[in-house]
Amino acid sequence: MEILVCAKQVPETAEADIKISAHGRGIEQDDLVFDINEWDLYAVEAALQLVEAHGGSVTVVTMGDKDAEDTLRRALAMGCAQGVHLLDRAFEGADGHAAASALAKVAAEKPYDLILCGVQAADDGLAWTGPALAAGLGIPWATMVTAIEKQGNTLEISRELEGGMEEELILPMPCVLTVQSGINEPRYVSVMGIRKVRKKPLDVFDGAALGLESGRTGEAGSRLKVMEYTLPPAGGRAQMIEGMPTEQAAALADILADKGGLR
Amino acid sequence: MSVLVIAEHREDALRDATFEALGAARALKAGPVTALVLAADSAPLAKKLAHFCQAVLTMSQPSLSPPLAAAWLPAATEAIKEAGARLVLLPHSSWGMELGPRLAEELDAPYAPDVSEIFLRDNKVEGERAVYGGKLNARWEMVKASVYVATLRAGAFAPAEPSDSPAEILELPPAAPKVLATRFVGYVKQAAGDVDITAQKILVSVGRGIGGPENVALAQELAGHLNGAVSCSRPVADKNWLPKTRQVGISGQSVRPRIYLALGISGAFQHMAGMQGAETIIAVNKDPKAPIFRVAHYGIVGDLFEVLPLVTDKIKALISKQSL
């Protein structure tokens, strides 16, 4: 199988303090740690497991600044055969439609059997690029995929619904699947492993190389525009328990007892 | 601007989110709201919806059941064009996330996913949506177009109220039959686990902050003393630190215990949607800006590895005092 995986480099958000930039239309990046989008990491692993079982190779593509190369190196260290870097200031600020426009050019380069994306990116949470890419290529798609099994020329997949329910579908290849977190256990790569691939040549393309006019990519080619970022309303109802850990623990234990925890 | 809501339903039942979408459509004050029902036999669902909007469009065709996005794409596109709808709304559910973005491309329409606010201003479609894991909101607008598509965050919009006079139901002719590339096999319900977390009165719930499977025992100990059970947020289940059946959230289970103790859980929207109905929510997290503190009744900004053992000791002491 020839598989293309789309991977995005995003700021780590779960533990980070995200600050709005002075002009309100961006975030302050200096103190943030950037890494491969978690969902895309699951997608890379899913692709590698498929080619390990069925033969073929995985190409990983990222659209991002120079630092996004780290995401490609990680995927290459995991076992991807080829890395493609879409590098152009004109690509910045892309919504799902604009991102898919650029990625479709890469996907059209080879007769890929399967294109994998993560369900969504941790920064914008749009969950848009995968299905838009399928639209651009005119091929079937499925999102929120929790299992993939190749059966001849088709893929049997499970996709996540709500409340512990899933639906099972069969899609022909080629198709686009967006992969849900928890589908597999992404393999660990060591610093050594990443160093081993640091000299591997990448295919680097800017807009001109892809044959894309600048009006069609990045913020210019986007249909959803962010006007400004704001902080969600502070507070909420939580009564904060202050003090030293022992005092906080005592207060918490009293609350648990008071609310019926000891019956 | 004419607004159309694509009704989400599964196994002959309309999803709650459909009524929220109709409520959102109404709140736009853009004029009459149309609901679109696609199914093998849309009549029963159409009758139910007729009290919640001003017009119901239906298309009945065997290929439209079950609600497969691949099958609904051509039918919905045709119905939207027939209706001259300018703004199309769907829930941001698994079904909506499958159909919405693809439909937007098919209609060559701007798309705004997972919105928590949507309104019309100077004939532009604008609103708000959560970004960076809920830590920030983004005020957005869609570029001017002839059609727009948006998906709505669950629980962000009040459901439509029924009216006495039912709307007219208009049946569209079935679309030309197409051979579908994608095939539906079936629905699968998650097998029951060792513990039913929805039946628990007390849940000690762990998130990414618990650090690893070896630390779950700390939560298990406290849960044991409280006669409760351990549950978790998604990252913990994804990493197999706890079985998926312990996961609280939209894709896991909804719980309403007497006490929900959230340890090292940041409070992603999908998680909070599954536990915000608990009577007493207490959250412990290192990050004072963690979204979980917005739904918690009590909060501790601190290291759960310091606080948890101390709480467990206090509880043990209280229990032995109780038994004296």
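Participant: If you had to explain the overall build of chain B to someone new, which residues and values would you point to?
Facilitator: Helix and strand counts for chain B stand at 8 helices and 17 strands. Along the three orthogonal principal directions, the C-alpha set of chain B runs to about 75 × 45 × 40 Å. Residues counted as buried form 58% of the 324 residues belonging to chain B. Within chain B, contacts between residues at least 6 apart in sequence are counted, and of these 61% link residues at least 24 apart. Separation between the mean location of the 33 positive side-chain charges and that of the 32 negative ones in chain B comes to 5 Å.

Participant: Can you tell me about the pattern of salt bridges, naming the residues and giving the values?
Facilitator: One pass over the structure, following the stated rule, counts 31 salt bridges over all chains. Salt-bridge contacts for A:Asp123 lead to A:Lys8; the nearest nitrogen and oxygen are separated by 3.0 Å. One end of the pair, A:Asp123, is in the loop between strand 6 (114–118) and helix 4 (129–137); the other, A:Lys8, is in the loop between strand 1 (2–6) and strand 2 (9–11), with 115 residues separating them in the sequence. Since its relative accessible area comes to 11%, A:Asp123 is described here as buried. Classification of A:Lys8 as partly exposed rests on a relative accessible area of 26%. One salt bridge in this structure joins B:Glu106 and B:Arg102, with 3.1 Å as the shortest N-O distance. Of this pair, B:Glu106 and B:Arg102 both sit in helix 4 (residues 94–106), separated by 4 residues, roughly a single helical turn. Look at B:Glu106 and you get partly exposed, because its relative accessible area is 38%. Look at B:Arg102 and you get buried, because its relative accessible area is 9%.

Participant: Go over the interface of chain B and chain A, please, and point to the residues and values.
Facilitator: Listed by partner, the interface residues are 88 residues for chain B and 83 residues for chain A. When the area that chain B buries against chain A is broken down by residue, the three leading residues are B:Glu98, B:Tyr132 and B:Tyr298, summing to 9%. Where chain B packs against chain A, one counts 8 salt bridges. In this structure, the salt-bridge partner of B:Arg234 is A:Glu160, at a minimum N-O distance of 2.9 Å. Joining chain B to chain A, the criterion identifies 38 residue pairs in polar contact (both at pLDDT 80 or more). Of the residues in the side of chain B that touches chain A, the class split is 45 nonpolar, 17 polar and 26 charged. Where strand 9 (residues 165–172) of chain A lies against strand 12 (residues 183–189) of chain B, 6 bridges are found, and the strand directions are antiparallel. Directly across from A:Glu167, in strand 12 of chain B, lies its bridge partner B:Tyr187.

Participant: Can you break down the sheet that holds strand 14 (residues 229–232) of chain B residue by residue, with the values?
Facilitator: The parallel open sheet is built from 6 strands, whose spatial order is 13(A)-17(B)-16(B)-15(B)-13(B)-14(B). Only two strands of the sheet have a single partner each, and these edge strands are strand 13 (239–240) of chain A together with strand 14 of chain B. Bridge count for strand 15 (residues 259–263) of chain B against strand 16 (residues 280–285) of chain B is 5 bridges, and the pairing is parallel. When the sheet's bridge partners are listed, B:Ile259 is paired in strand 16 of chain B with B:Thr280. Here helix 7 (residues 245–258) of chain A sits on the sheet in contact with strand 15, strand 16 and strand 17 (298–301) of chain B, set at roughly 160° to strand 16 of chain B.

Participant: Run through helix 8 (residues 304–322) of chain B, naming residues and quoting values.
Facilitator: Taking 1.5 Å as the rise per residue, helix 8 of chain B with 19 residues should run 27 Å; its terminal C-alpha atoms sit 26 Å apart, in good agreement. Residues of helix 8 of chain B that are buried in the fold lie against helix 7 of chain A together with helix 5 (216–225), strand 15, strand 16 and strand 17 of chain B.

Participant: Tell me about helix 4 of chain B, and name the residues and values.
Facilitator: All names here are of chain B. Along its 13 residues, helix 4 runs 19 Å from first to last C-alpha, staying within 8% of the 18 Å computed at 1.5 Å per residue. Counted residue by residue, helix 4 has 12 buried out of 13 residues, so it is predominantly covered. Those residues of helix 4 that fall on the buried side of the exposure criterion are Ser-94, Trp-95, Gly-96, Met-97, Glu-98, Leu-99, Gly-100, Pro-101, Arg-102, Leu-103, Ala-104 and Glu-105. Asp-108 sits one or two positions beyond helix 4 and adopts a positive phi of about 55°.

Participant: So what's going on with a negative patch on the surface? Residues and values would help.
Facilitator: All names here are of chain B. Taken together, the side chains of Glu-11, Asp-12, Asp-41 and Glu-171 define an acidic patch exposed on the protein surface. Here Asp-12 is to be found in the loop between strand 2 (9–10) and strand 3 (13–14). According to the relative accessible area criterion, Asp-12 is exposed, its value standing at 71%.

Conventions and cut-offs
Residues numbered from 1 in each chain as written. Chains lettered and ligands numbered in written order. Predicted model: local features only at pLDDT ≥ 70, side-chain atom pairs only at ≥ 80, totals over all residues. Heavy atoms only, no water. Helix = DSSP H or I, 4+ residues; strand = E, 2+ residues; numbered from the N terminus. Buried < 20%, exposed > 50% of the residue type's maximum accessible area, 1.4 Å probe, protein only. Contact = heavy atoms within 4.5 Å. Lys, Arg positive; Asp, Glu negative; His and termini not counted. Charge placed at Lys NZ, Arg CZ, Asp CG, Glu CD. Salt bridge = Lys/Arg side-chain N within 4 Å of Asp/Glu carboxyl O. Buried area = accessible area lost by both parts, 1.4 Å probe. Polar contact = N/O pair within 3.5 Å; in protein donor to acceptor, adjacent residues only side chain to side chain. Nonpolar A, V, L, I, M, F, W, Y, C, P; charged D, E, K, R; others polar. Pairing = 2+ DSSP bridges. Axes fitted to C-alpha atoms, helices over the stretch in contact; angles between N-to-C directions. Expected span 1.5 Å × (residues − 1). Patch = residues over 30% accessible without salt bridge, like charges linked within 9 Å, V, L, I, M, F, W, Y side chains within 5 Å. Areas by Shrake-Rupley, 256 points an atom, 1.4 Å probe, with all protein chains shown as cover.

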